[in-house]
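Structural characterization, general
One-letter residues, chain by chain:
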Amino acid sequence: MYCQSASADLTPQGRAIRDASIRFGDGETLPFRTCKKGYLPTVDRRKMYACYLHSRMREERFQKEGNKFRHGEVDLAETFWSRDGLIDDTDGSDSD
């Protein structure tokens, strides 16, 4: 359950939770459970599409849908992966 708090507008996470509750729920709750694992853009110089538990599933969905992010999703390549030397693309896992 999402409860509006004073910090909802102060942090990126607070704004994201508030915006998701408005977009996908009734403005107060979400119709699904949210993952509480942390997201790291890269792990051992490999791209992560979500937390370590959900990254493979989201990557497969991303590739199945033509390597395009869904409406409202942050473009991870633009936001996190575009820095030189951040990603090791030699293993063939790069989907760009």
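Model, not experiment: these values are computed from the prediction. (Residues numbered from 1 in each chain as written. Predicted model: local features only at pLDDT ≥ 70, side-chain atom pairs only at ≥ 80, totals over all residues. Heavy atoms only, no water.)

**Some words on the packing of aromatic side chains**
According to the stated counting rule, one finds four aromatic pairs in the structure shown. Plain terms: the ring middles of tyrosine 49 and tryptophan 81 are 5.0 Å apart, the flat faces sit at 70° to each other, and that makes the pair edge-to-face. Taken as a pair, tyrosine 49 in the loop between strand 2 (46-47) and helix 2 (55-64) and tryptophan 81 in helix 3 (residues 76-81) lie far apart in primary sequence, 32 residues in all. Tryptophan 81 matches tyrosine 49 in its accessibility class, with the two residues each being buried. (Phe/Tyr/Trp six-rings, centres within 6.5 Å; stacked < 30°, edge-to-face > 60°. Helix = DSSP H or I, 4+ residues; strand = E, 2+ residues; numbered from the N terminus. Buried < 20%, exposed > 50% of the residue type's maximum accessible area, 1.4 Å probe, protein only.)

**Here we look at the pattern of salt bridges**
Within this structure, the stated rule accounts for five salt bridges. Note that glutamate 73 and arginine 61 form a salt bridge whose closest N and O atoms lie 2.8 Å from each other. Note that glutamate 73 is positioned in the loop between helix 2 and helix 3 and arginine 61 in helix 2, a separation of twelve residues in sequence. What makes glutamate 73 partly exposed here is its relative accessible area of 24%. A residue is classified by how much of its surface remains accessible, and arginine 61, at 17% relative accessible area, is buried. (Salt bridge = Lys/Arg side-chain N within 4 Å of Asp/Glu carboxyl O.)

**Some words on the state of the cysteines**
What the rule picks out here adds up to zero disulfides. Cysteine 35 carries a free sulfur, and the closest cysteine sulfur to it, the one in cysteine 51, is 3.6 Å from it. Judged by relative accessible area, which is 4%, cysteine 51 ranks as buried. (Disulfide = S-S within 2.5 Å.)

**Regarding unusual backbone geometry**
Even without being glycine, arginine 45 reaches a positive phi, approximately 65°. Here arginine 45 shows up in the loop between strand 1 (42-43) and strand 2. Of the residues examined, arginine 45 reaches a relative accessible area of 42% and is grouped as partly exposed. Phi is positive for asparagine 67, close to 55°, though the residue is something other than glycine. Tracing the backbone through its elements, the reader meets asparagine 67 in the loop between helix 2 and helix 3. A relative accessible area of 36% places asparagine 67 in the partly exposed class.

**So, the confidence of the model for the chain**
Confidence in the prediction for the chain averages 78 pLDDT; 76% of positions are at 70 or higher. Looking across the chain, the model is least confident in helix 1 (residues 12-24), with a mean pLDDT of 79, and most confident in helix 2, with 94. (pLDDT = per-residue confidence, 0-100.)

**Concerning helix 1**
Taking 1.5 Å per residue, 13 residues should reach 18 Å; helix 1 reaches 18 Å between its end C-alpha atoms and fits that length. Considered for burial, the residues of helix 1 that qualify are Gly14, Arg18 and Ser21. The arc that holds the buried residues of helix 1, viewed along the axis, is 60°, so those residues lie on one side. Those residues of helix 1 that are exposed and aimed more than 90 degrees away from the buried face are Pro12 and Gln13. (Expected span 1.5 Å × (residues − 1). Arc of directions from axis to C-beta.)

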